[in-house]
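# Results of the structural survey
Below are the chains, spelled out letter by letter.
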Amino acid sequence: MSEGWRLSEGRRLSLSKPLIALVTGAAGQDGIYLSRLLADAGVEVLAGVRAEVSRLVAGAPRTSTTGPPTDAPRTSTTGPPTDAPRTSTTGPSAVEVRAERASKPRGRLAYLDHPRITVIDLDITDTAAFAALLRARQVGEVYNLAAQSSVARSWDDPRTTAAVNADAVEGMLAAIRHIRPATRFFQASSVQAGTSSPYAAAKLAAEGAVADARARGLFAVAGRLGNHESPLRPPHFVSRRIARAAAAGDVLDIGDLSPERDWGHARDHVAAMPLLLRLGSPIDADICTGVRRPLRDLAHAAYRAAGLPPEEYVVEVGAGPRPEDPASLGGSPDVLARATGWRAQTSIDALMAEMVAVERRRLESGVEDDASYGGFGSAGGFEARR
Ligand code: NDP
């Protein structure tokens, strides 16, 4: 199954056996980095995105979802790579697929343009669709990255947060147990799990579902992720707002900058996920740097990268920390390091320099999404920048 993974000297993953992996939430920050990492390592990636995202490929509404793709050879997924990612709903007609492949991918799908990545519609709350996919494809690994991932938003919509971040996980694990019990499952949990928010409660419940599944014999693990950022963070997240303000040369006035978090780079953190799934037996582990720094340090790093004096541009007035926000949050990478050799590689100076540089390109070009922002070469290669 997952045997054959190894992390080479150059920190690249390689694989000795063919493998199909499903990545949920594949148009999110981590989903993009992980899909590219797996595909570059030779894995056939089913990149699950919600229908409204996958529609961006064709730019037109879909008309049919007639059943899951199968492992039988299909003309729609063979042949030379095109410049659009291969796309499938839970069963588009051949005509639909041809129309989509003639189009250049747009929006966040631009990052998933790789010959070994197939974009599929998958809302993880639709357990029946997930089960159908498991029946149809020999999925060896599932990386569940889909989530309502904003703590702040979870207060506004606790129901959706619980449905996506907890109930759907239980549903997927039950389907795996009944249909394809050899499939290995990675759950993206959080160092927030167990703190006070609907997001944290749902992540903790999902960890419980993973533990139950493991007790029933599944290879299921939860990786408790610390904060990790990148140019591919959606715009409403604080690190993107900081990078944007620094790149624009604006004063940063977003309130309290004292909360301490464990800041890492998404590219580093996703590399830990397949390593956890290749262990001889499943363990849960923190995926983080082990160092906590105040948000202020992130802001100062961004302005230094922009060549602007932070003490003149970063102001801290107004609201104090939200009472529900923990003053300090982090974890320890030691369990993971001992088990897999993984360690975070990117300093916050390097992280913010990369984010500010990409933000400048966005401001100059007006283009929000471009594969190069993630460091992805046009031929599907991955250019690491430290
Ligand atoms: P993102 O918000 O960038 O990506 C999550 C993706 O999940 C989005 O593309 C979102 O789509 C999608 N999604 C939401 N609901 C559903 C659904 N019902 N079915 C299918 N897809 C859905 O988050 P990250 O990539 O940053 O995080 C990945 C995982 O890691 C998440 O589980 C997150 O909670 C966890 N995590 C992340 C941390 C971080 O610092 N980044 C820290 C700790 C944990 P849409 O945009 O359309 O809503």
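All values reported here derive from a predicted model rather than from experimental measurement.

Conventions and cut-offs
Residues numbered from 1 in each chain as written. Predicted model: local features only at pLDDT ≥ 70, side-chain atom pairs only at ≥ 80, totals over all residues. Heavy atoms only, no water. Phe/Tyr/Trp six-rings, centres within 6.5 Å; stacked < 30°, edge-to-face > 60°. Helix = DSSP H or I, 4+ residues; strand = E, 2+ residues; numbered from the N terminus. Buried < 20%, exposed > 50% of the residue type's maximum accessible area, 1.4 Å probe, protein only. Lys NZ or Arg CZ within 6 Å of the ring centre and 35° of its normal. Salt bridge = Lys/Arg side-chain N within 4 Å of Asp/Glu carboxyl O. Near = heavy atom within 4 Å. Axes fitted to C-alpha atoms, helices over the stretch in contact; angles between N-to-C directions. Parallel < 35°, antiparallel > 145°, perpendicular 65-115°, else oblique. Left-handed = near helix turned anticlockwise from the far one by under 90°. Contact = heavy atoms within 4.5 Å. Nonpolar A, V, L, I, M, F, W, Y, C, P; charged D, E, K, R; others polar. Core = buried A, V, L, I, M, F, W, Y, C linked by side-chain atoms within 4.5 Å.

## A few points about the packing of aromatic side chains
Inspection of every chain in the model, using the stated rule, returns three aromatic pairs. Geometrically, the ring pair formed by Tyr-143 and Phe-186 is tilted, given 6.3 Å between the ring centres and 40° between the ring planes. Of this pair, Tyr-143 sits in strand 7 (residues 141-144) while Phe-186 sits in strand 8 (residues 184-190), placing them 43 residues apart in sequence. Both residues of the pair, Tyr-143 and Phe-186, count as buried. Over the face of the ring belonging to Phe-219 we find Arg-184, whose NZ or CZ atom lies 3.9 Å from the ring centre.

## With respect to the pattern of salt bridges
In total, this model carries 14 salt bridges according to the counting rule given. The salt bridge involving Arg-233 is made with Glu-229; its shortest N-O contact spans 2.7 Å. Residue class for Glu-229 comes out buried when judged on its relative accessible area of 1%. Through salt bridges with shared partners, a single network forms among Arg-240, Arg-244, Glu-359, Arg-362 and Glu-368.

## With respect to the pairing of strand 8
Across the seven residues that make up strand 8, a large majority, seven, are buried. The two faces of strand 8 match: Arg-184, Phe-186, Ala-188 and Ser-190 on one face and Phe-185, Gln-187 and Ser-189 on the other face are all buried.

## Concerning the site of the ligand
The full set close to the ligand counts 25 residues, and Asp-30, Arg-50, Ser-149, Tyr-199 and Lys-203 are the nearest of them. Taken together, the elements giving at least two residues each to the shell around the ligand come down to helix 1 (29-40), strand 8 and helix 7 (198-215). The dominant element in the shell around the ligand, judged by the number of residues it contributes, is strand 8, at three residues.

## Concerning the packing of helix 1 against helix 9 (residues 266-277)
The contact between helix 1 and helix 9 brings their axes to 9 Å, and the two run at 60°. If you check the angle between helix 1 and helix 9, you find them oblique. The two elements helix 1 and helix 9 meet at a crossing, and its hand is right-handed. Mapping the contact onto sequence places Gln-29, Asp-30, Tyr-33, Leu-34, Leu-37 and Leu-38 in helix 1 and Ala-266, Arg-267, Val-270, Ala-271, Met-273 and Pro-274 in helix 9. Taken together, the residues of the contact of helix 1 with helix 9 sort by class into nine nonpolar, one polar and two charged.

## Regarding the nonpolar core
With 44 residues, the main nonpolar core has Leu-34, Tyr-143, Phe-186, Met-273 and Ile-287 as its most contacted residues. Of all the elements in the fold, those that place two or more residues in this core are strand 3 (20-24), helix 1, strand 4 (44-49), strand 6 (117-121), strand 8, strand 9 (220-225), helix 9 and strand 13 (285-287). Residues within four places of Tyr-143 in sequence aside, it is in contact with Ala-21, Leu-22, Val-23, Thr-24, Leu-34, Leu-38, Phe-186, Met-273, Pro-274 and Leu-277.

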